[in-house]
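# Structural characterization, general
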Amino acid sequence: MVEEQSTDEIRKVAMTLDSGIENKNLDTVTSCFADNCEIELLRHSLYGKTGVKKWFDWLFKNIRQIKFQPVVIMAEGNILFEEFIIRARLYSGPEVKSKQSEVLVFENGKIKCLRLYFDRLDFADTVTRDPVSKAVVSRIIKKSLEGLTD
């Protein structure tokens, strides 16, 4: 049986998740998710607490520090939508700024499904080092904006 949660309750879990990520606390992050959860990002799905750990490890493979800045948060029923900006400091030194959004679906006080949306190019432009890769990424960014910019 799925319990209905108040929007205050799901906002609290979402804030705990953000805090756990910012503090690199895997136990806090894992505690926010249901045992049979699903995380969707970059056209991949990860499942269960093992998937949460895999996502967490992937996130901090290159990121030394991360901060969230909420832009829009909406909650209705068991769903929370958030648009936010992350500022991430990479181990290699540079800072990445990325506007992202997520949809969290809750079940019995835990996150059942997290769908995360962001532009990979926000990171590719920062992490590429050699001139050829930089030129390729720059060309992709320019090409993707053709017709939108003058």
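We now turn to the structure provided with this report. Only a predicted model underlies this, so the values are computations on that prediction, with no experimental measurement involved.

On the surface, Val71, Val72 and Met74 cluster together into a nonpolar patch covering about 230 Å² of accessible area. Positionally, Val72 belongs in strand β3 (residues 63-76).

Compared with the 22 Å implied by 1.5 Å per residue over 16 residues, the 22 Å span of helix α1 (residues 7-22) between its first and last C-alpha is a close match. Listed as buried for α1 are Ile10, Val13, Ala14, Leu17, Asp18, Gly20 and Ile21. Along the axis of α1, the buried residues cluster in a sector spanning 165 degrees; they form a single face. Turned more than 90 degrees away from the buried face of α1, the exposed residues are Asp8, Lys12 and Met15. In the segment just after α1, Lys24 is the residue with positive phi, at about 55 degrees.

The next thing to look at is the pattern of salt bridges. One pass over the structure, following the stated rule, counts 5 salt bridges. In this structure, the salt-bridge partner of Arg87 is Glu95, at a minimum N-O distance of 3.7 Å. Among the residues examined, Arg87 registers a relative accessible area of 34% and is labelled partly exposed. A relative accessible area of 40% means that Glu95 is categorised as partly exposed. For Glu95, the salt bridge is made with Arg89, and the minimal N-O distance between the two is 3.7 Å.

Before going further, it helps to spend a moment on the layout of surface pockets. Leftover empty space is mapped by rolling, across the atoms, a probe with the size of a water molecule. Of the pockets and cavities examined, the largest pocket occupies roughly 530 Å³. Taken together, 27 residues line the largest pocket, and the ones lying closest to its centre are Trp58, Leu59, Ile63, Phe118 and Phe123. Contributing elements (two or more residues each) for the lining of the largest pocket: α1, α3 (48-59), β3, β4 (79-90), β5 (95-107), β6 (110-117) and α4 (121-127). Here the residues of the lining of the largest pocket sort into 19 nonpolar, 3 polar and 5 charged. In this model, the second largest pocket occupies a volume close to 170 Å³. Around the second largest pocket sit Glu40, Leu41, Leu42, Arg43, His44, Arg115, Leu116, Tyr117, Phe118 and Arg120, which together line it. Sorting the residues of the lining of the second largest pocket by element identifies β1 (33-41) and β6 as the ones contributing at least two each. Classifying every residue of the lining of the second largest pocket gives 5 nonpolar, 1 polar and 4 charged.

Reading guide: rules and limits
- Residues numbered from 1 in each chain as written.
- Predicted model: local features only at pLDDT ≥ 70, side-chain atom pairs only at ≥ 80, totals over all residues.
- Heavy atoms only, no water.
- Patch = residues over 30% accessible without salt bridge, like charges linked within 9 Å, V, L, I, M, F, W, Y side chains within 5 Å.
- Areas by Shrake-Rupley, 256 points an atom, 1.4 Å probe, with all protein chains shown as cover.
- Salt bridge = Lys/Arg side-chain N within 4 Å of Asp/Glu carboxyl O.
- Helix = DSSP H or I, 4+ residues; strand = E, 2+ residues; numbered from the N terminus.
- Expected span 1.5 Å × (residues − 1).
- Buried < 20%, exposed > 50% of the residue type's maximum accessible area, 1.4 Å probe, protein only.
- Arc of directions from axis to C-beta.
- 1 Å grid on protein atoms, 1.4 Å probe; cavity = no way out; pocket = protein on both sides within 12 Å on 5 of 7 lines; lining within 4 Å.
- Points joined across faces, edges and corners; volume = space filled by probe spheres on them.
- Nonpolar A, V, L, I, M, F, W, Y, C, P; charged D, E, K, R; others polar.

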